[in-house]
Protein chains: 2
Amino acid sequence: MSLLVIGSVAFDALETPFGKREKIIGGAGTFISLSAANFVQPVNLVSVVGGDFLKSDIAMMQGKGINTDGLQIKENEKSFFWSGRYFNDMNSRETLVTELNVLGDFDPIIPESYQDCQYLMLGNLAPQVQRQVIERLHNRPKLVVMDTMNFWMDIALEELIQTIGMVDVLSINDEEARQLSKEYSLVKAAKKIMAMGPKYLIIKKGEHGALLFHGEEVFFAPALPLEEVFDPTGAGDTFAGGFIGYLASTDDISFENMKRAVIHGSAMASFCVEQFGTERLVDLQPDEVVQRVLEFVKLVNFQPQRLS
Amino acid sequence: MSLLVIGSVAFDALETPFGKREKIIGGAGTFISLSAANFVQPVNLVSVVGGDFLKSDIAMMQGKGINTDGLQIKENEKSFFWSGRYFNDMNSRETLVTELNVLGDFDPIIPESYQDCQYLMLGNLAPQVQRQVIERLHNRPKLVVMDTMNFWMDIALEELIQTIGMVDVLSINDEEARQLSKEYSLVKAAKKIMAMGPKYLIIKKGEHGALLFHGEEVFFAPALPLEEVFDPTGAGDTFAGGFIGYLASTDDISFENMKRAVIHGSAMASFCVEQFGTERLVDLQPDEVVQRVLEFVKLVNFQPQRLS
């Protein structure tokens, strides 16, 4: 079924203990779309870049099955730019530069051809922009998934809570869940956040996996234990892209299928961190995805009973 | 099959954000034995206490299926005493008091009736004492599991590495695995540590679950997401007790069965943290264990394929 993704398409500059990259393609919309396109095509992208953005990067996205009709190009402006440095443990980072540029006054225009979308992924952006996308669709999609971050909790909590109230699935990390709910226990935090509206809550714990909550049910997917985490940038977005891409491709929003979607999201995220930025996602082959999902099955599934 | 457990039996004084307890029964040997006794009885315990230890606590252990023939009582000495305080996040603690007392010159005497044991659990103790137990058994057990901690890496690394070389399964936490291997990546750490001798390695990650490594294989068991962690004291020992207790009761040391053993260990640890010290373990009913294991099945197992 058709998928609409909104999120930033940007330039990133990264430094990790393994090396650095200057001005490579990044942004939540980019990682989500590249990840989701492994499951469903086209991925209908809504975003904005400046005249400095590379035509070759847009062509790459198109070649991966991403529809860029909704990608606005502001020729006289500059693309969103983020620069950050990771510390040795890869769990903490510092932001060196954030230049909003074209994202500062982003008006999310939905192409008419995107209107029939059944699955909507709201990548991390200002919550009022995320809300506009829902409001501008003539029909409410079958499933709306929203990702956000602590930044919006700090500066736009009211708008954030309003948008959270309109979505089906919220995806945030553990620290953000604690900040939003004012509860340390993630079980308590999940209850409070689901009371804000979302029927499903995903709490991402980075290298410690992800939890999916729904009513009284909870499902846990680990992160794949890796020899090296090369660059964590975009892992959360790649997770979200795999999650909604799998749901859209199977068109099944049962809790059982959401478990598989969380596993597929985790599998995609495990690729993302193996190289800088989008490098691994761009090179990824379909059979690698199938193999990686099987690794997750081996990692967690067990027969509850001994066969005697 | 018969199980021999060695480890401290002690007094603990605890303070957590939920309250405090003065001088309650604790110690690795206690938690391991109480946990394992849910699966196999008797648990043949080797340990030492002072004359101050309560007869009622020994009677409680006996009532739970623990054989205390190997529990030495030094009437004129004092029991091992540990006191600690947990911080708000429950992941960090400070040790306030450690009094070795009877543990200072502990000579682990193995009763003749324990000699036929097939499963041996070496709870956290000086590595030279752990080694003595292996050497004093006339026949090597079918499976030797060892737990240890960073303290011995700091002050007795050579003896520790010698003992590690003699066991089948080593159980340590993530920080200890990093310290022992000098590798940050747990996958790399596991390879280095298994090269020291153990064919199996369990890396405990507290609230983030546990990893079981064997050759190129890896299995992950989450911790159960709980509303509250009341007191983490003894959770790692309780995990180890559930792990070896389940293996001894099924007498099956295949990797498939070790996965189930890790799940049973995790289930037991999830009980342990619900109350202070051993309180929850002492009250535990058999059907609660069965139910808790089923919660783990629901938490992690998924059908890899959709049924169309």
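Residues numbered from 1 in each chain as written. Chains lettered and ligands numbered in written order. Predicted model: local features only at pLDDT ≥ 70, side-chain atom pairs only at ≥ 80, totals over all residues. Heavy atoms only, no water.

Asks: Please give an account of the relation of the copies chain B and chain A that cites residues and values.
Replies: Laying chain B over chain A is done by rotating through 180° and shifting 0.0 Å along the axis; what remains is an RMSD of 0.0 Å. Such a combination of rotation and displacement between the chain copies is what one expects of a two-fold axis. Residues of chain B ranked by C-alpha distance from the rotation axis are headed by N301(B), positioned 2.6 Å from it. A shared binding surface is used by both copies, with 100% of the interface residues of chain B retained as interface residues in chain A. (Least-squares fit on C-alpha atoms with pLDDT ≥ 70 in both. Contact = heavy atoms within 4.5 Å.)

Asks: Talk me through the sheet that holds strand 13 (residues 217-221) of chain A; I want residue IDs and the actual numbers.
Replies: Residues and elements named next belong to chain A. The strand order 5-4-1-8-9-10-11-12-13 describes an open sheet built from nine strands, whose pairing is mixed. In this open sheet, the two strands that pair with only one neighbour each are strand 5 (66-74) and strand 13. Neighbour-to-neighbour, the strand axes of the sheet open up by a mean angle of 15°, direction not taken into account. Bridging between strand 8 (residues 119-122) and strand 9 (residues 143-147) involves four bridges; their strand directions are parallel. Bridge pairing in strand 9 places L122 opposite M146. This element, helix 7 (residues 186-194), spans strand 10 (169-173), strand 11 (200-204) and strand 12 (210-214) of the sheet and lies at about 50° to strand 12. Each of strand 9, strand 10, strand 11, strand 12 and strand 13 is contacted by helix 9 (residues 255-272), which is oriented at about 25° to strand 13, the strand it contacts most. (Pairing = 2+ DSSP bridges. Helix = DSSP H or I, 4+ residues; strand = E, 2+ residues; numbered from the N terminus. Axes fitted to C-alpha atoms, helices over the stretch in contact; angles between N-to-C directions.)

Asks: Explain the interface of chain B and chain A residue by residue, including any values.
Replies: Contacts between the two partners involve 38 residues from chain B, matched on the other side by 38 residues from chain A. Across the chain B to chain A interface the summed buried area is about 3,700 Å²; carbon plus sulfur atoms make up 54%. Considering only the side of chain B, the residues that lose the most area to chain A are E227(B), F302(B) and R306(B), jointly responsible for 20% of the buried surface there. Here chain B and chain A share five salt bridges between them. Close ionic contact of E227(A) with K191(B) constitutes a salt bridge, the shortest N to O distance being 2.4 Å. At the junction of chain B and chain A, the tally comes to 19 residue pairs in polar contact (both at pLDDT 80 or more). Broken down by secondary-structure element, the contributors of at least two residues to the side of chain B that touches chain A are helix 7 (186-194), strand 13 (217-221), helix 8 (235-250), helix 9 (255-272) and helix 11 (286-300) of chain B. (Buried area = accessible area lost by both parts, 1.4 Å probe. Salt bridge = Lys/Arg side-chain N within 4 Å of Asp/Glu carboxyl O. Polar contact = N/O pair within 3.5 Å; in protein donor to acceptor, adjacent residues only side chain to side chain.)

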